[in-house]
Protein chains: 2
Amino acid sequence: MNSTAKNCAALAKRLTDSGLRPTPQREVVFKVILEKRDHPTADEIFARVKSQMPTISLATVYNCLETLVQCGLVRQVNLERAPTRYCPNLHEHAHFHDDATGQVHDINLPADTLKQLRSLLPPGFDASTVELAFRGSKGSARAKLAEGRAAARSGAN
Amino acid sequence: MNSTAKNCAALAKRLTDSGLRPTPQREVVFKVILEKRDHPTADEIFARVKSQMPTISLATVYNCLETLVQCGLVRQVNLERAPTRYCPNLHEHAHFHDDATGQVHDINLPADTLKQLRSLLPPGFDASTVELAFRGSKGSARAKLAEGRAAARSGAN
DNA sequence: ACAAGGATTTAGAATTATTCTAAATAGAAC
DNA sequence: GTTCTATTTAGAATAATTCTAAATCCTTGT
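Note that the coordinates shown come from a computational prediction; the quantities given were computed from them, not determined experimentally.

Engineer: Looking at this structure, how should I read the overall build of chain A?
Structural biologist: Per the secondary structure count, chain A includes six helices and five strands. The helix and strand sequence of chain A, counted from the amino end, reads α-α-α-α-β-β-β-β-α-β-α. Taking all 157 residues of chain A together, the buried fraction comes to 38%. Counted over contacts in chain A with a minimum sequence separation of 6, partners at least 24 positions apart contribute 42%. As presented, chain A carries roughly 8900 Å² of accessible surface, and 52% of it is formed by carbon and sulfur atoms.

This is the structure in C-alpha cells:
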C-alpha cells in the first residue's frame, strides 16, 4: 500500500468515524495539502485541485477544508479572520481571546520568556515581531463553581 | 496639565517628528483608544469617534489608525489579515512568516516551552489553543555574508 | 495678506476572502 | 427502487479593508 492510499484510508476512517462521507472532493483536497507542504491558501488549493478535478468549485474547497479541520487532519495557520483590533499597550505582551465573550485580554509576557521564544528559531531566521495568542474561555464552569464554593465558605455578599 | 492634554502633546510630538500633522481626527482617534482599553476594532472606534466628531469618515479612521501604528503609538493585535493558510503538520509548532518571500515555515515548539507559555495565564484563563507566530526575514544580508565566508573557508561548492 | 503646493479628509467604489443560499446530485438505508 | 440525508455547485451576499478622485486644510514663500 503506497503512502497516498494509506492517507486516503486514514482520511476515510476519520470521516466515517465522524459520520461524514469520504468523497472524491475531500480526498483530492487532502491530497494536495499533503503533497506540497507550503501552507497554501484556499485559493491556491483550489487552483491545484482544479488540475485534477476541473469541475470542483471554490465553495467545495472551503467546505472540504472546514471538514478536514474539524476532523483534525489539517490545521489552519491563520485563525485570525476576525477584524483587526487596536491596543495602546506598547509593552511586550500576549493576548487572550475569550471565545465566550469575544473579548481580548492582555497577558504579561516576561522579557526572558520572549528571549527564550526567539531562541527557538533556527539560525538564519530573524524575527522582527513575535506574536503570542491564546484562545479559550475565561472562568470555565469548573472555575466558576469553585469560585462559588469559595464565596459560600467565606460568607461573602 | 491633565492626562488627555499630555497624551495629545505626546501624539503631536510623535507626528511632527515623523513629518506628519497633528490633526483633530488623529487626536480623537487616539483619545478613544486610550479611553477604553478593550481592543476595539476599526468599526467600534469609528462608532465611538463619531459621537464626538459626527462628520468623520470610516476611511479617515483607517487612515488615522495606520498613522498611529506607524508612529508606534498603538499596536494592532490582529496582524493576520492575509488569507488563512492550511497545513498538515499536526504536531505542536509555531510559524515563521517570511516578509520577504511571503512563505510560511514551521518552527518546532517543544512541549515544555508550550507548558511554560500556558503557565503565563492568570488563574481562571483556560486556553484551548496557543498560537505562536514570528514575522521577519530569513537569511538576512549579514547572515548570507557569514554563510558565504564559511563556505569559502571550508572550500565548499 | 495671498498664492502654490503638499498633506489630509471624505464619500463612495472596488477588492478580497469567505460564507450563504438554493437548487442539483449523489449515496446510503430501508 | 424510493426516500432521506449529505454533499456539491454556482452565484449572490457579506464584511473588512483599501483605493480613487475630488474637496479641504495647512504651511510656506513672497
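Engineer: Looking at this structure, I do not really get the pattern of salt bridges. What am I missing?
Structural biologist: A side chain of one charge can pair with a side chain of the opposite charge when the charged atoms of the two come close. All names here are of chain B. Tallied over the full model, the rule gives four salt bridges over all chains. Asp17 serves as the salt-bridge partner of Lys13, at 2.7 Å between the closest nitrogen and oxygen. Pair noted here: Lys13 and Asp17 are both in helix 1 (residues 3–17), with a separation of four residues, about one helical turn.

Engineer: I would appreciate a short explanation of the nonpolar core in the present structure.
Structural biologist: Soluble, globular proteins show a tendency: their nonpolar side chains are buried together. Leu132(A), Phe134(A), Leu132(B) and Phe134(B) are the most contacted members of the largest nonpolar core, which has 24 residues in total. Residue contacts for Leu132(A): discarding those within four places in its chain leaves Ala94(A), His95(A), Leu109(A), Leu117(B), Val130(B), Glu131(B) and Leu132(B).

Engineer: What's the story with the packing of aromatic side chains in this structure? I'm lost.
Structural biologist: The geometry of an aromatic ring pair is captured by two quantities: the separation of the ring centres and the angle between the planes. Tallied over the full model, the rule gives two aromatic pairs over all chains. Judged by centre distance (4.8 Å) and plane angle (85°), the ring pair of Phe96(A) and Phe125(B) falls under edge-to-face. Of this pair, Phe96(A) sits in strand 3 (residues 93–98) while Phe125(B) sits in strand 5 (residues 125–138), on two different chains. Phe125(B) matches Phe96(A) in its accessibility class, with the two residues each being buried.

Engineer: Got a minute to help me understand helix 4 (residues 58–70) of chain B in this structure?
Structural biologist: One turn of the α-helix equals 3.6 residues, which is why residues spaced by three or four share an orientation. Residue and element names in this part refer to chain B. Helix length check: helix 4, at 13 residues, gives a terminal C-alpha distance of 18 Å against a target of 18 Å (1.5 Å per residue), a fit within 8%. Taken residue by residue, helix 4 has Val61, Cys64, Leu65, Thr67 and Leu68 as its buried positions. Projection of helix 4 onto a plane perpendicular to its axis shows the buried side chains occupying an angular sector of 165°, all on one side.

Engineer: I tried to follow the sheet that holds strand 4 (residues 104–108) of chain A on my own but got confused; where do I start?
Structural biologist: To summarise the sheet geometry, strands pair through backbone hydrogen bonds and adopt either a parallel or an antiparallel arrangement. The strand order 4(A)-3(A)-5(A)-5(B)-3(B)-4(B) describes an open sheet built from six strands, whose pairing is mixed. Pairing within the sheet leaves two strands with one partner each, and these edge strands are strand 4 of chain A together with strand 4 (104–108) of chain B. Mean inter-strand twist for the sheet, computed between neighbouring axes without regard to direction, equals 30°. Where strand 5 (residues 125–138) of chain A lies against strand 5 of chain B, 13 bridges are found, and the strand directions are antiparallel.

Engineer: Sorry, what's going on with the packing of helix 3 (residues 42–52) of chain B against helix 4 of chain B here?
Structural biologist: Each pair of packed helices can be described by the angle between their axes along with the distance between the axes. Residues and elements named next belong to chain B. Between helix 3 and helix 4, the least distance of the axes is 10 Å, while the angle of their chain directions is 115°. With respect to helix 4, the element helix 3 is oriented roughly perpendicular. The chirality of how helix 3 crosses helix 4 is right-handed. The segment helix 3 lies against helix 4, with Ala42, Asp43, Ile45 and Phe46 engaging Leu58, Val61, Tyr62 and Leu65. Looking at side-chain class alone, the contact of helix 3 with helix 4 contains seven nonpolar, no polar and one charged residues.

Calculation criteria
- Residues numbered from 1 in each chain as written.
- Chains lettered and ligands numbered in written order.
- Predicted model: local features only at pLDDT ≥ 70, side-chain atom pairs only at ≥ 80, totals over all residues.
- Heavy atoms only, no water.
- Helix = DSSP H or I, 4+ residues; strand = E, 2+ residues; numbered from the N terminus.
- Buried < 20%, exposed > 50% of the residue type's maximum accessible area, 1.4 Å probe, protein only.
- Contact = heavy atoms within 4.5 Å.
- Areas by Shrake-Rupley, 256 points an atom, 1.4 Å probe, with all protein chains shown as cover.
- Salt bridge = Lys/Arg side-chain N within 4 Å of Asp/Glu carboxyl O.
- Core = buried A, V, L, I, M, F, W, Y, C linked by side-chain atoms within 4.5 Å.
- Phe/Tyr/Trp six-rings, centres within 6.5 Å; stacked < 30°, edge-to-face > 60°.
- Expected span 1.5 Å × (residues − 1).
- Arc of directions from axis to C-beta.
- Pairing = 2+ DSSP bridges.
- Axes fitted to C-alpha atoms, helices over the stretch in contact; angles between N-to-C directions.
- Parallel < 35°, antiparallel > 145°, perpendicular 65-115°, else oblique.
- Left-handed = near helix turned anticlockwise from the far one by under 90°.
- Nonpolar A, V, L, I, M, F, W, Y, C, P; charged D, E, K, R; others polar.

Geometric values such as these leave the question of function open.
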